[in-house]
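Chain and residue survey
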Amino acid sequence: MTVTPAATAVRLPRPYQSYTYAYPHKTAYRPLDPEPRLAELWAGESQQALSLYLHIPFCEVRCGFCNLFTRIGAPEGLTGRYLDALRRQAAAVREALGDAQPLRFANAAFGGGTPTYLEAAELERLCDIAEREMGVDLRAVPLSVEASPATATADRLAVLAERGTTRLSLGVQSFVEEEARAAVRPQRRSDVEAALKRIREAAIPVLNIDLIYGIDGQSAASWRYSLDAALAWRPEEIYLYPLYIRPLTGLGRHTDPQTASRDWDEQRLRRYREGRDHLLSHGYEQVSMRMFRRSDAPPQGPDDYACQTDGMIGLGCGARSYTSRLHYSFDYAVSMREIRGIIDAYTATEDFSRALHGRWVNQDEARRRHLLQSLLQAEGLPVADYRLRFGRDPHNDFPAELEALTARGWLDDARPERLRLSAEGLAHSDAIGPEFFSPAVRDAMTAYETK
């Protein structure tokens, strides 16, 4: 491991602790009592740049590393009942948003699970829900959709392309069949290549390929093989994910927790650096620890949404929504039995007018969230933006945390007007995120009983 001079006198935390894609994490959410009405939550909230997320909790297979809210397969009629409930929820949310101010969506996304688990006609229904119930013009905003090789069929892709999809994210994970099996993601290389060919033929502007490093048996050579196989398709984006082994996942049930040792940390760090450097040498720019974008990639379209400041509307039983005061969702689980029960309860719900589970966000938590979701991006946090929003200086709000990053050599001090991680800081994003969690959120996450 490369150690910068500034870091030689300090003990470094383990690099792979928590992927801070959102803060606070769902494990810090609790049942809300009383359950607030959505109309009251959204009253007075800005509706000028909202993000719309529709969650489809179905997959054809559950990968061994997956701890997402999803179930394998769907009994006869379940996807239809789920879309019926999604439509009811969308209608209730749209009514709660009201007409006191113009409603504008800046972007939209279908995630999961695997949205393309739905048949082509069901994907049409999904798009209709977004457009007719929520009022978003999918052809006028960036629309991102997640898919798997097995479900990226020509008829599904034709629907998505015609309805305005600007980005298709394909979960490949590895082009090496043995590695895919080791990650409990069995797939044939030929099937992956066929799916990529169909995506390119559908002419969706942005293709993203997800790859995972740290798989059992993966070597520098096999990692390079997957990287080069992905690069052969010239994807506009590539995401590099470290393998995590989570409780109640397929791999987590069969792996000694002590396997997550410092040796494995070192292996993943080596693969990360190899992947990062390889992509940078092939004309990609680093956007975050995980995201790399081809420097000549076309823009997806206008997108002025800022996750640090703007609201999100999440529809579906695994989606979360954000107002300035409350983050809320439905109940969260990882185990198959619990997930099936939550999905069944969702499809039977008639009244979607209230928030059920969530966490209230005070000013301290809002500052932490704003800093985290800015700092963990390669471009960093403009200090002036933070001062403008909060009337404070981030160095005064988080002196100990920022001093620790400086001592480790993880902050780039070349531009004092911007808090920006160094290359090694970005590499350790999954260690940096948890250090900014509040004591209250840490306690809630610790007390959460995994189910």
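How each quantity is defined
Residues numbered from 1 in each chain as written. Predicted model: local features only at pLDDT ≥ 70, side-chain atom pairs only at ≥ 80, totals over all residues. Heavy atoms only, no water. Pairing = 2+ DSSP bridges. Helix = DSSP H or I, 4+ residues; strand = E, 2+ residues; numbered from the N terminus. Buried < 20%, exposed > 50% of the residue type's maximum accessible area, 1.4 Å probe, protein only. Arc of directions from axis to C-beta. Contact = heavy atoms within 4.5 Å. Phe/Tyr/Trp six-rings, centres within 6.5 Å; stacked < 30°, edge-to-face > 60°. pLDDT = per-residue confidence, 0-100.

Looking at the pairing of strand β18 (residues 418–421)
In this structure, strand β16 (residues 381–382) lies alongside β18, joined through 2 bridges in antiparallel fashion. Within the sheet, the bridge partner assigned to Pro 382 lies in β18 and is Arg 418. Looking at chain direction, strand β17 (residues 411–412) and β18 are connected through 2 bridges and run antiparallel. Pairing of Asp 412 across the sheet is with Arg 420, part of β18.

A look at helix α11 (residues 383–390)
Three or more residues of α11 are buried, namely Val 383, Tyr 386 and Phe 390. Here the buried residues of α11 occupy an arc of 60 degrees about the axis, which is enough to place them on one side. Structural note: α11 exposes Ala 384 and Leu 388 on the side pointing more than 90 degrees away from its buried face. Buried-residue contacts for α11 involve α10 (363–375), β16, α12 (394–397) and β18. Gly 391, located one to two residues past α11, shows a positive phi value of around 65 degrees.

Description of the packing of aromatic side chains
Under the counting rule described, the total for this entry stands at 16 aromatic pairs. A ring pair is formed by Phe 58 and Tyr 82, whose centres lie 5.5 Å apart and whose planes are at 80 degrees; its orientation type is edge-to-face. Note that Phe 58 is positioned in strand β3 (residues 58–59) and Tyr 82 in helix α2 (residues 78–97), a separation of 24 residues in sequence. Owing to a relative accessible area of 0%, Phe 58 belongs among the buried residues under this scheme.

As for the confidence of the model for the chain
Scored by pLDDT, the chain comes out at a mean of 90, with 91% of its residues at no less than 70. The low-confidence segment residues 1–8 (pLDDT under 50) makes 18 contacts with residues lying over four places distant or belonging to another chain. Note on residues 246–254: pLDDT under 50 across the span, and 27 contacts to partners over four residues away in sequence or across chains.

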